[in-house]
Amino acid sequence: MKPIGDPEAVVSWVLAAMAGLVGAAAFIQTTGYFVTFMTGNAERAALGYFVGRPAMATAAILITVTFVAGVVVASLLRRHVWVNHPHGATMLTTICLAIASVVDFVTAGFDAPQVTFIPILFVAFGIGALNTSFCDDKKGEVSVPLSYVTGTLVKLGQGIERHISGGEAKEWNGYFLLWLAFVAGGVLGAVISLVITGGQMLLTATVICGGVALYTYRLDERTSILG
């Protein structure tokens, strides 16, 4: 975890908030689909057929598959295309949200009260891609999983233990702020959902994500020049 105040740490909070906002939009504006909570989807996939809700189980499986596909595609692009733009995944997420918005407007209409399922698959793909924004370039593994809140809380708890055992507050405060950013993004998404509905929420998320993508692109450019 980067020190507080480090530009990369700030980006991680911004992207975590973005993930929280999109996750809230998907959950509130549908019948309750998870695009950030893959643990919940795993349980739904395993249990749905046993509780008489096969459609729920199938949806969970499809969302999980598209989420993983987003991780794979973004990782390949990061390794072979986005060499100087490690946060290029944010642009891919923006594109996925834009496609989701268009698909929903075409299939359900601009004033539909809820987002249909197919657009949610594009959203899940985009969130999967977003999670590759922070990777260890040597190992090629994610170092800051933006929507994996369970893992963040585990690291937070371990950091608190290290602080209690003689370490410093920096052992845990970065993880706390990452968690707080995700929650703040979720709250913002919920508040926006009180005003607009359906595909309009997806369109709003697209615009916000586009702004975040521009911010990360400029940061990559500055980092490249300074490096």
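Residues numbered from 1 in each chain as written. Predicted model: local features only at pLDDT ≥ 70, side-chain atom pairs only at ≥ 80, totals over all residues. Heavy atoms only, no water.

An unreviewed UniProt entry lists the chain under the name YoaK family protein, with Williamsia deligens as the source organism.

**Topic: the overall build of the chain**
Of regular secondary structure, the chain possesses 8 helices and 2 strands. Starting at the N terminus and walking to the C terminus, you meet the elements of the chain as α-α-α-α-α-β-β-α-α-α. Taken over 227 residues, the chain has a buried fraction of 45%. (Helix = DSSP H or I, 4+ residues; strand = E, 2+ residues; numbered from the N terminus. Buried < 20%, exposed > 50% of the residue type's maximum accessible area, 1.4 Å probe, protein only.)

**Section: the UniProt feature "transmembrane region" (unreviewed entry) in the chain**
The UniProt record marks residues 12-35, 55-77, 89-110, 116-134, 175-196 and 202-219 with the feature "transmembrane region" (unreviewed entry), using the residue numbering of this structure. A distance of 30 Å separates the end C-alpha atoms of residues 116-134, which is 74% helix and 0% strand. Helix makes up 86% of residues 175-196 and strand makes up 0%, while its end C-alpha atoms are separated by 32 Å. (UniProt positions renumbered as here; feature names shortened; annotations may be inferred.)

**A closer look at the pattern of salt bridges**
Evaluated as defined, the whole model comprises 2 salt bridges. Close ionic contact of glutamate 171 with arginine 162 constitutes a salt bridge, the shortest N to O distance being 2.9 Å. Judged by its relative accessible area of 35%, arginine 162 falls in the partly exposed class. The salt bridge partner of glutamate 168 is lysine 170, with a shortest N-O separation of 3.7 Å. Judged by its relative accessible area of 47%, glutamate 168 falls in the partly exposed class. (Salt bridge = Lys/Arg side-chain N within 4 Å of Asp/Glu carboxyl O.)

**Examining the packing of helix H4 (residues 89-108) against helix H5 (residues 117-130)**
Remark: H4 packs on H5, axes separated minimally by 8 Å, with the N-to-C direction vectors making an angle of 175°. By the angle between their directions, the pair H4 and H5 is classed as roughly antiparallel. Contact residues: Ala89, Thr90, Leu92, Thr93, Cys96, Leu97, Ile99, Ala100, Val103 and Asp104 in H4; Ile118, Pro119, Phe122, Val123, Phe125, Gly126, Ala129 and Leu130 in H5. Taken together, the residues that form the contact of H4 with H5 break down as 14 nonpolar, 3 polar and 1 charged. (Axes fitted to C-alpha atoms, helices over the stretch in contact; angles between N-to-C directions. Parallel < 35°, antiparallel > 145°, perpendicular 65-115°, else oblique. Contact = heavy atoms within 4.5 Å. Nonpolar A, V, L, I, M, F, W, Y, C, P; charged D, E, K, R; others polar.)

**Here we look at the nonpolar core**
What tends to happen in soluble globular proteins is that the nonpolar side chains get buried as a cluster. Counting 40 residues, the largest nonpolar core has Ile63 and Val123 as the members making the most contacts within it. For this core, the elements supplying multiple residues, two or more each, are helix H1 (7-28), helix H3 (54-80), H4, H5, helix H7 (173-193) and helix H8 (199-226). No other element matches H1, which puts 11 residues into this core. Within the second largest apolar cluster, 7 residues are counted, among which are Trp82, Leu92, Cys96 and Phe125. (Core = buried A, V, L, I, M, F, W, Y, C linked by side-chain atoms within 4.5 Å.)

**Describing the packing of aromatic side chains**
On inspection of all chains with the given rule, the structure shows 6 aromatic pairs. Measuring from centroid to centroid gives 5.6 Å for phenylalanine 27 and phenylalanine 34, while their planes differ by 5°, and the two rings are stacked. Looking at phenylalanine 27, the relative accessible area reads 40%, which means it is partly exposed. Where tryptophan 172 meets phenylalanine 176, the ring centres are 6.4 Å apart and the plane angle is 70°; that geometry is what we call edge-to-face. (Phe/Tyr/Trp six-rings, centres within 6.5 Å; stacked < 30°, edge-to-face > 60°.)

**What to know about H5**
Owing to its 3.6 residues per turn, the α-helix aligns residues three or four sequence positions apart on the same side. An ideal rise of 1.5 Å per residue puts 20 Å on 14 residues; H5 measures up with 20 Å between its terminal C-alpha atoms. Across the 14 residues that make up H5, a large majority, 12, are buried. Along H5, the residues that are buried comprise Phe117, Pro119, Ile120, Leu121, Val123, Ala124, Phe125, Gly126, Ile127, Gly128, Ala129 and Leu130. (Expected span 1.5 Å × (residues − 1).)

**Points about the packing of H1 against H7**
Angle between the axes and distance between the axes are the two parameters that describe a pair of packed helices. Viewed as axis vectors pointing N to C, H1 and H7 meet at an angle of 40°, and their least axial separation amounts to 7 Å. Judged by the twist between their axes, the crossing of H1 over H7 is right-handed. Across from Ser12, Trp13, Ala16, Ala17, Ala19, Gly20, Leu21, Ala24 and Ile28 in H1, the residues of H7 making contact are Gly174, Leu177, Leu178, Ala181, Phe182, Gly185, Gly186, Leu188, Gly189, Ala190, Ile192 and Ser193. (Left-handed = near helix turned anticlockwise from the far one by under 90°.)

**What about a nonpolar patch on the surface?**
There is a patch of nonpolar side chains on the surface, built from Tyr49, Phe50, Val51, Ile61 and Val65 and spanning about 550 Å² of accessible area. Take valine 51: it is sitting in the loop between helix H2 (38-47) and H3. (Patch = residues over 30% accessible without salt bridge, like charges linked within 9 Å, V, L, I, M, F, W, Y side chains within 5 Å. Areas by Shrake-Rupley, 256 points an atom, 1.4 Å probe, with all protein chains shown as cover.)

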